[in-house]
Amino acid sequence: MIYMVLVLALIAMGVVFLFTIKKSVLALILAIIMIIVGYFFAVGMIAKEAEDEASAPEGS
Amino acid sequence: MADSVDVLSTLKIVYSIYAWIVISLIAWFAYNIVRDGKKEGAKPAIFYTYIAILVVIGTGLHFLTYNTVPWVPYDLNRDKIKPDKVFHITYKDHKITIEGEKPMLIHCGDKVVFDAKSEDLTYGFGIFRQNGSMVTQMQVVPGSRNDLLWIFDKNGVYNIKSTEYSGPKGAFMEVKDAIKVIGCMEYDRYSMK
Amino acid sequence: MSFMQKLMEGHEGGLAHETMTPMQKIALRFVVIGLLFYGLAALEGMIMRLHEIKPLPMIDESHFFSIMTVHPMVGIFGSSYMIVFGAFLFLTPYLMKKPIYSVKLADLSWKFIAAGTFIMWLAGFLFHYAPLYTLYWPLPVDFKQFTIIGGITYIVGVVGIMIGTFLFTYNIFKTILYTPKGWEKQPAWDLLKSALGLEGLLNFFRRKKKEHLVPLPIAAISRGTIDMGLNAIVISSAGVLILIYFLGELFGASLKDTWVDALLYKNIFWWGLDLIADGLVLIFVAGTWYLLAMLISGKDLFMQNIARAALFLEMVVSWTVWSHHLMSDQGQPNILKVVSGEMVTAFELITQGIAVFITLVTLWRARPLKMSNELKFLLGGILGFMLAVPAGIIQADLGMNRILHNTQWIIGTHVHVAILVGLTMTLYSAIYILLPILTNGAKLYSQKLADLHFWLHLIGGIGMGAFMGMAGMDGMLRRALYLNGEYNTYMILAGICGAMLLLAFAIFLYNIVMSIGVKGLINIYKPATIQTNEVVPPQKESE
């Protein structure tokens, strides 16, 4: 479940943002964009996983 | 000049009328949905007119208040306005301390800035009338600027309360009679001592 | 049949649990626990209502605010999330016409959320941990007011809820995208594009439009689930941050709370929280209205493409509205207050207005309809949002926010009307329509009680919101305590309405227990006798 690994990474990223960003609207908006893009990527990995499983030969 | 009592009285009337209209609309819909009758859907023109009305109301509200509620333009432009007086207020250990004169004496029509600083938690700075209604407020966030520009145009004596929760110890943070406004022609009938 | 027999066995044979699939049982497990947590939240609400009228003995400030801290968490996660999860874990495979990806994960989800909510509740009950759900920095790590054990218990509970949430998000997306064993290969990427609205977006630029691969309610479930996942990331990040401070304190290494910028924290926290309040709630509700309207009317949705576009717009809007919570924060840049706080928030009036319009027209085209329980609760839910969304738009204005922020208007007229009337009545409508599908035809014990539940809940919910709002306009703050009867007229009236809500729930619970019987309730939690990943029994499908 690479999705869960990516979600954990995004949570860690969130903690780092909370410690590091100070008074910068630009940094705040970039952080938000990174979390959104990261999460879409994680959900995309579920599609990839589903695609791979469906393509795998029967019984593998 | 309109104050919070005027603005909130208008809100009470407008929102009450709106609430009764939508309650009646749903009641009318419920009454008719169980009866046979015309079944056609809405024409596109009706749908797009409805959307246009929502857009006008949603954005128009902000243009309306910018032009009718006095504190909006001077809040947005407070960086460019030179205040007549600045009051410093400190928050620490669930206590509100007014630095300098108390009550804070304000002359009618003066542009005053309340500059609040928190040394620990997030609090709120709210000015209240003697009858408990609110004049204005801002949040008091540690490590952040908390400056509220205000103009009083009625005489009165006002209390300060924390408008933000800061833990059980902060449940009753209040400074009675913290502000006194003098020199106006009009008196705030809800805030006279 | 004696009363006791009926109570135990249920109405007209009660719950035929031996005919139920594992997924039917799991969905009911979610719903039953969700309803019990709703009852707990309602009780907590009533205790606070009574305390605001006349201070109750044995409740001091720390106790009162610990109730206020857990009340929304129990209501949102323990109740609303649970009921929504149960319904969607059942409906997603049901509407996609394929088995659920994992029955085990679905079963684990409710266990994690139920246990997490209970542990989090204990943090308030036993240790009086009370930083409220807002957790404004550095309040959650204020060791002068709260104990380390209280804070850690709270965070452990929240972690449980978040694990359950992530399992749900994974199971939902995987169910939409996967190819069941022995089936013809399903186009996972195309399904994802359709579910998230990217296909619809690309269709705007295409001459030859591509067909939508997922039904409309699945589009709503997917987009709401994106917001749910994003929110869970933010809440988890805040939880880890708080835990770091607690562990530091526990091991004698006190960390400076100034390392975290309080205003930045507030921005990120509200960005995350609005993904629930202004994101998934509105998206899920719109999707549920559409599904209910189609099921009740037996017709296709009116203006389906507009509905899909509005759901996509709502998702994007929910990522950009958070600043309406920071309009009284003077450190917040004006550009964010005006663009995100005022202008983008106004879009919610449009997206929710579209959902109201499309749902009502869809129903109207099928008249005459029978005034069933699902229809009347659906209309109640629509009314709730018609009242609460404009109230929210009003307070998301620089002029109005200055005098409404943190008052009872926000939490009463806006939040409680949205949740209790709008969301909860929508959920009741879904429960009524799903009850025969989930139970393979269990019969409702009493229609009169269902009607009583409806009226008490509707009047109680709107009335409580209205009186809280009036108190707010007279200066009564939320997140505050008034011990001297300052707003007693409003508080007594709101208390009467609160009692109506509580009574409505007791009547509903009694009606459901009498319908399926105590034995039926217990049997929901016993393993299913049929072993299948299909959501309904095979004979049901062929009917």
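For every chain, the first residue of the written sequence is number 1, and numbering continues from 1 onward in sequence order. Starting at A for chains and at 1 for ligands, labels are handed out in the order in which the entities are written. Where local features are concerned, this predicted model is filtered to residues with pLDDT of at least 70; where side-chain atom pairs are given and counted, the filter is 80 or more; whole-chain, interface and lining totals use all residues. Only hydrogens and water are set aside; all other atoms, that is, all heavy atoms of the structure, feed into the side-chain values.

1. Side note on the sheet that holds strand S9 (residues 174-182) of chain B
Each strand in a sheet pairs with its neighbour through backbone hydrogen bonds, running either in the same direction (parallel) or in the opposite one (antiparallel). Residues and elements named next belong to chain B. Strand order across the open sheet formed by five strands is S3-S9-S8-S5-S6, with mixed pairing between neighbours. Two strands lie at the open edges of the sheet, namely strand S3 (104-107) and strand S6 (134-140), each paired on one side alone. Ignoring strand direction, the axes of neighbouring strands in this sheet form an average angle of 25°. Here a strand pair is declared whenever DSSP counts at least two bridges between the two strands. Helix and strand assignments follow DSSP, with helices taken as H or I runs no shorter than four residues and strands as E runs no shorter than two, numbered in order from the N terminus. Bridge count for strand S8 (residues 156-161) against S9 is five bridges, and the pairing is antiparallel. Paired with tyrosine 158 across the bridge in S9 is isoleucine 179. Convention adopted: a line fitted to C-alpha atoms gives each axis, helices being fitted over their contacting stretch, and angles between N-to-C directions are expressed from 0 to 180 degrees.

2. Description of the packing of helix H15 (residues 447-473) of chain C against helix H16 (residues 488-524) of chain C
All names here are of chain C. Close contact between H15 and H16 brings their axes to 7 Å; oriented N to C, the two are set at 155°. When the axes of H15 and H16 are compared, the pair comes out roughly antiparallel. The handedness of the crossing between H15 and H16 is left-handed. Any angle between 65 and 115 degrees counts as roughly perpendicular, while under 35 counts as roughly parallel, over 145 as roughly antiparallel, and the rest as oblique. Should the near helix be turned counterclockwise from the far one by less than a right angle, the crossing is left-handed, whereas a clockwise turn marks it as right-handed.

3. Some words on helix H3 (residues 61-96) of chain C
All names here are of chain C. A helix's residues, less one, multiplied by 1.5 Å, set its expected span. With 36 residues, H3 extends 50 Å from end C-alpha to end C-alpha; this agrees with the ideal 52 Å at 1.5 Å per step. Two axes enter the definition of the bend at a residue: one is fitted to the seven residues ending there, the other to the seven starting there, and the bend is the angle between them. The largest bend along H3 reaches roughly 35° and is located at valine 74. Here H3 lies mainly inside the structure; 31 of its 36 residues are buried. Phi turns positive one or two residues past the end of H3, at lysine 97, with a value near 55°. Summary of the burial criterion: residues with accessible area below 20% of their type's maximum are buried, those above 50% are exposed, and those between are partly exposed, where the area comes from a 1.4 Å probe applied to protein chains only.

4. A look at the interface of chain B and chain C
Two residues qualify as a contact provided that any one of their heavy atoms is within 4.5 Å of a heavy atom in the partner residue. Of the residues lining the interface, 79 residues belong to chain B; the matching set on chain C comes to 80 residues. Note on chain B versus chain C: buried area summed over both sides is about 6,800 Å², and carbon and sulfur give 69% of it. When the area that chain B buries against chain C is broken down by residue, the three leading residues are Tyr15(B), Ile33(B) and Tyr165(B), summing to 11%. One speaks of a salt bridge when a side-chain nitrogen belonging to Lys or Arg is within 4 Å of a carboxyl oxygen belonging to Asp or Glu. Applying the counting rule to chain B against chain C returns four salt bridges. For Lys12(B), the salt bridge goes to Asp474(C), with nearest N and O atoms at 3.3 Å. For the side of chain B that touches chain C, the secondary structure elements donating two or more residues are helix H1 (4-33), helix H2 (44-68), helix H3 (71-76), S6 and strand S7 (147-151) of chain B. Top contributing element to the side of chain B that touches chain C by residue count: H1(B), with 17 residues. Residues are grouped as follows: Ala, Val, Leu, Ile, Met, Phe, Trp, Tyr, Cys and Pro are nonpolar; Asp, Glu, Lys and Arg are charged; all remaining types, including Gly, are polar. Across the side of chain B that touches chain C, the residue classes tally to 43 nonpolar, 21 polar and 15 charged. Buried surface area refers to the total accessible area, computed with a probe of radius 1.4 Å, that the two partners give up upon joining, counted for both partners together.

5. So, the pattern of salt bridges
Scanning the entire structure with this criterion turns up 26 salt bridges over all chains. A salt bridge links Glu49(A) to Lys174(C); the shortest N-O distance between them is 2.6 Å. In this pair, Glu49(A) is assigned in helix H2 (residues 25-55) and Lys174(C) in helix H5 (residues 148-177), connecting two distinct chains. When its relative accessible area of 16% is taken as the criterion, Glu49(A) is described as buried.

6. As for the sheet that holds strand S1 (residues 85-92) of chain B
Residue and element names in this part refer to chain B. The strand order S2-S1-S4-S7 describes an open sheet built from four strands, whose pairing is mixed. Across the chains shown, the open sheet's two edge strands, defined by having one partner strand only, are strand S2 (95-99) and S7. Averaged over all neighbouring strand pairs, the angle between strand axes comes to 25°, with direction disregarded. Pairing geometry for S1 and S2, over five bridges, is antiparallel. Across the sheet, residue threonine 90 finds its bridge partner in S2, namely threonine 97.

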